[in-house]
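Understanding the architecture of this molecule
Listed below are the residues making up each chain.
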Amino acid sequence: MLFMKIALRNIAISAGFLAVVSWSAMAADEKLPDGEGKDLVQKTCSACHGVDTATSETHSEAEWKSVVATMVSRGAEGTDAEFATIVKYLAKNYGPPAK
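For every chain, the first residue of the written sequence is number 1, and numbering continues from 1 along that sequence. Only residues with pLDDT of at least 70 are given local features in this predicted model, and only at 80 or more are side-chain atom pairs given and counted; all residues enter the totals for whole chains, interfaces and linings. The side-chain figures draw on all heavy atoms in the structure; neither hydrogens nor water molecules are used.

1. With respect to the overall build of the chain
By definition, any uninterrupted DSSP run of H or I lasting at least four residues is a helix, any uninterrupted run of E lasting at least two residues is a strand, and each is numbered from the N terminus. When helices and strands are tallied, the chain shows five helices and zero strands. Order of helices (α) and strands (β) in the chain, N terminus to C terminus: α-α-α-α-α. A 1.4 Å probe rolled over the protein chains alone gives each residue an accessible area, and that area as a share of the maximum for its type sets the label: buried under 20%, exposed over 50%, partly exposed in between. For the chain, the proportion of its 99 residues judged to be buried stands at 25%. Nonlocal contacts in the chain, meaning residues at least 24 apart in sequence, comprise 61% of its contacts between residues at least 6 apart. Summed over all atoms, the accessible surface of the chain reaches about 7100 Å², with 63% contributed by carbon and sulfur. We call two residues in contact when some of their heavy atoms are within 4.5 Å. Per-residue and other accessible areas follow the Shrake-Rupley method at a 1.4 Å probe size, with only the shown protein chains counted as cover for residues.

What follows is the structure, given as structure tokens:
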């Protein structure tokens, strides 16, 4: 009987975790504007932190390049071309407000 209670509790915890992860992925997808680099931002940035960590800020292209370089130094994985695309995407969609 105790084994059944533990097993059911573990199943409930796992189901809850999967629901949160699925909801987070869907929410992140809804927040990001469409465009070249969206998929790379989702894949690369969310490997270490929520996409909203990056998208809650605005930076110029030069500043985004510096931010991305910092993430690479911390272990972000991708090619130079992928990181360049990420920088362009972030600068276009999360750059300084137009004057």
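2. Regarding the pattern of salt bridges
Each reported salt bridge corresponds to a side-chain nitrogen of Lys or Arg within 4 Å of a carboxyl oxygen of Asp or Glu. By the definition in use, this model includes two salt bridges. Put simply, Asp34 and Lys38 hold a salt bridge, and the shortest N to O gap is 2.9 Å. According to the relative accessible area criterion, Lys38 is buried, its value standing at 11%. Between Lys88 and Glu61 there is a salt bridge, and its shortest N-O distance comes to 2.9 Å.

3. Some remarks on the packing of helix α4 (residues 61–73) against helix α5 (residues 80–93)
Where α4 contacts α5, the axes come no closer than 9 Å and their chain directions differ by 135°. Between α4 and α5, the angle falls in the class oblique. Like other packed secondary-structure pairs, α4 and α5 cross with a definite hand, here right-handed. Contacts between α4 and α5 involve Glu61, Trp64, Lys65, Val68 and Val72 from the first element and Phe83, Ile86, Val87, Lys88, Leu90 and Ala91 from the second. When the residues that make up the contact of α4 with α5 are grouped by side-chain class, the tally is eight nonpolar, no polar and three charged. Axis lines are fitted to C-alpha atoms, over the contacting stretch for helices. Their N-to-C directions set the angle, which ranges from 0 to 180 degrees. Angles below 35 degrees are treated as roughly parallel, those above 145 as roughly antiparallel, those between 65 and 115 as roughly perpendicular, and all remaining angles as oblique. By convention the crossing between two helices is left-handed if the near helix lies anticlockwise of the far one by an angle smaller than a right angle, and right-handed if it lies clockwise. Throughout, the ten residues Ala, Val, Leu, Ile, Met, Phe, Trp, Tyr, Cys and Pro are labelled nonpolar, Asp, Glu, Lys and Arg are labelled charged, and all others, Gly among them, are labelled polar.

4. Structural notes on the side chain of Thr55
Position of Thr55 among the secondary structure elements: in helix α3 (residues 51–55). Beyond its immediate stretch of four places on either side in the chain, Thr55 contacts Leu32 and Tyr94.

5. Here we look at the nonpolar core
Among the buried residues, those of types Ala, Val, Leu, Ile, Met, Phe, Trp, Tyr and Cys that are joined through side-chain atoms within 4.5 Å form a nonpolar core. Ranked by size, the top nonpolar core spans 16 residues in total, and within it Val41, Trp64, Ile86 and Leu90 carry the most contacts. Elements with a minimum of two residues in this core: α2 (38–45), α3, α4 and α5. No other element matches the six residues that α5 contributes to this core. Discounting residues that sit within four places of it in the chain, Ile86 has contacts with Leu40, Val41, Thr44 and Val68.

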